[in-house]
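# Coordinate inspection notes
What follows is each chain in one-letter form.
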Amino acid sequence: MKKRKDTLALVLAGLIAASLSSTLHASEEPVQDMQTFPSYLDVGYDQKHRPQFHFTSRKNWLNDPNGMVYYDGEYHLFFQHNPKGNRWGNMTWAHAVSKDMVHWEQLSHAILPYGGGMIFSGTAAVDHNNTLGKQKGDTKTLLASFTKAVHKPDRYYQALAYSTDKGRSFELFNEGKAIVPNQGFDRSERDPKIFWHEASKKWVMILYVKRAVTEADKRGPIAPGKVRFFTSDNLADWEVASDFDRNWVFECMDFVHLPVDGDLNNKKWLLFDASFDYEIGEFDGTTFTTDKKVGLGDYGKNYYAAQTFNNSPDGRTVVIGWMRHSDFNKARMPFNQQMSFPTTMELRTTPDGVHLFRWPVKEIESLYTKKHEFSNRPIEKLTTELSQIDADLIDASIEFEPKKTGDIDWTLRGLKVGYDADKQVFIYNGARLAAPAVNGKVKLRVLVDRGSIELFANDGAAVATHFALPDPKNRKISVSGKGSGIVSMVINELKSSWPQK
Ligand code: FRU
């Protein structure tokens, strides 16, 4: 009797598993128990150390942003997620949506592991021309390209999923088999970026395939570090178009077309990797040509694997990074890790050539509550005035002439940002951010949340993103300096972006 019951239970479990798995993943793996999202709904957003205007998963671990795409009034943020714990593992694409990149709603997990491998990072795109042929009615298909991380043997490959219901559910294309097979670099090749290249009327994929590891390799005449460009007419068959060999490349490449100084007739391509090293150049649909490596998009200790929204609605290019090493486990939070605040990316001409500038999206203003403005104040006077402020979440800016003020310390909720007037750098927790005076003046904008401080120097010419846990009891702002100069400051207090109970 017991045996019969067991058999019946197994058959029933099998039927349930098969129905659950039919849309989300190939059926051979018992992964339906990773669709744990309903259990997240018991967790709110009001914990002492929960970021209030930075994205976190309601529960459990997150790392890279994935599949960032805008479609029909919604920004989609998929992300690397462990549905079963607050450390890395069981990599799954989790999902959140927003109308403004500031207020997010987390939805059920989008793509679960299947066939003995995890779902690693990748990108999404709107299939405007219905290349895949899956469109239902007027709703365009959303494409999600990702790395299928198969171990034993290490043979990562690139696969595709698609959604015909605005990202609410995904089907694996061709049962999740490779659209780009392993290129011979084992597990290093990963994180496909796909986009439609209008000029050549082709789909393009950019894939990091190999890293320069040893010093000898890095110094050698031929770069072993490699990014491979592919093109496709049908999204199913991809041809190698070119290799871009550089020793700086490593993981999570993104590639965007940006106007220089706002001029839509003068656009350049910018390629960057997980560490936000970047190079600027031209792209003809198959080959990326540049002069030299030009820059670093973030100088902080906690910015990694950033990605831009595909199909952005208003000509802006907006990027979000994973704030790597934001360890909330020690603070005993129900989630771990967080995303950076979204920033625009713009190319501007500087005396040093064309450079990337980043700036918090203006939608942050929807969170502003109180504004405190101090124009041209002697530092001693400002210190007294600032003592009236009691702030939890802050968006603040400072402007001064370092020749007159000398070194300055600006402390927000116990987080000290110093300016070294000789070296012309801001220093936070040992990390330097170059900010040479422009027309004699230096500017800094900072965002302070319960888990971070983000620094934007000189209108976004240099940015640094840091994990920080300000003491919940310390809500003060102060400024001090030895010199005699005057300082201007604007402080906006913010409310939470999460729904309040
Ligand atoms: C970057 C990364 C990616 C990979 C993912 C796995 O942080 O290592 O290369 O796809 O994380 O979670």
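Everything quoted here is computed from the prediction, not taken from an experiment.

### Concerning the sheet that holds strand S19 (residues 335-336)
Reading across the sheet, the five strands line up as S4-S3-S2-S1-S19 and stay open at both edges, with mixed pairing between neighbours. Two strands bound the open sheet, and with one partner strand each, they are strand S4 (104-111) and S19. Examined bridge by bridge, strand S1 (residues 60-71) and S19 share two bridges and lie parallel to one another. Within S19, the position partnered with Trp61 by the bridge is Asn336.

### Notes on the pairing of strand S6 (residues 141-150)
In terms of residue burial, S6 counts as a mostly covered element, since ten of its ten residues are buried. Neither face of S6 is exposed, since Thr141, Leu143, Ser145, Thr147 and Ala149 on one face and Leu142, Ala144, Phe146, Lys148 and Val150 on the opposite face are all buried. Relative to strand S7 (residues 157-163), S6 runs antiparallel, the two being bridged by seven bridges. Each bridged residue has a counterpart across the sheet, and for Lys148 the counterpart in S7 is Tyr157.

### Points about the site of the ligand
Taken together, 13 residues lie around the ligand, and Asp64, Gln80, Trp88, Arg190 and Asp191 are the ones closest in. One nitrogen or oxygen atom from the side chain of Asp64 is found 2.8 Å from an oxygen atom belonging to the ligand. Here an oxygen atom of the ligand and a backbone polar atom of Ser121 are 3.1 Å apart. Within the complex, the protein chains bury 91% of what would otherwise be the 310 Å² of accessible surface of the ligand. At the level of elements, S1, strand S5 (117-127) and strand S9 (190-197) are the ones that each hand at least two residues to the shell around the ligand. Residues belonging to the shell around the ligand are distributed by class as follows: six nonpolar, three polar and four charged.

Thresholds applied
- Residues numbered from 1 in each chain as written.
- Predicted model: local features only at pLDDT ≥ 70, side-chain atom pairs only at ≥ 80, totals over all residues.
- Heavy atoms only, no water.
- Pairing = 2+ DSSP bridges.
- Helix = DSSP H or I, 4+ residues; strand = E, 2+ residues; numbered from the N terminus.
- Buried < 20%, exposed > 50% of the residue type's maximum accessible area, 1.4 Å probe, protein only.
- Near = heavy atom within 4 Å.
- Polar contact = N/O pair within 3.5 Å; in protein donor to acceptor, adjacent residues only side chain to side chain.
- Areas by Shrake-Rupley, 256 points an atom, 1.4 Å probe, with all protein chains shown as cover.
- Nonpolar A, V, L, I, M, F, W, Y, C, P; charged D, E, K, R; others polar.

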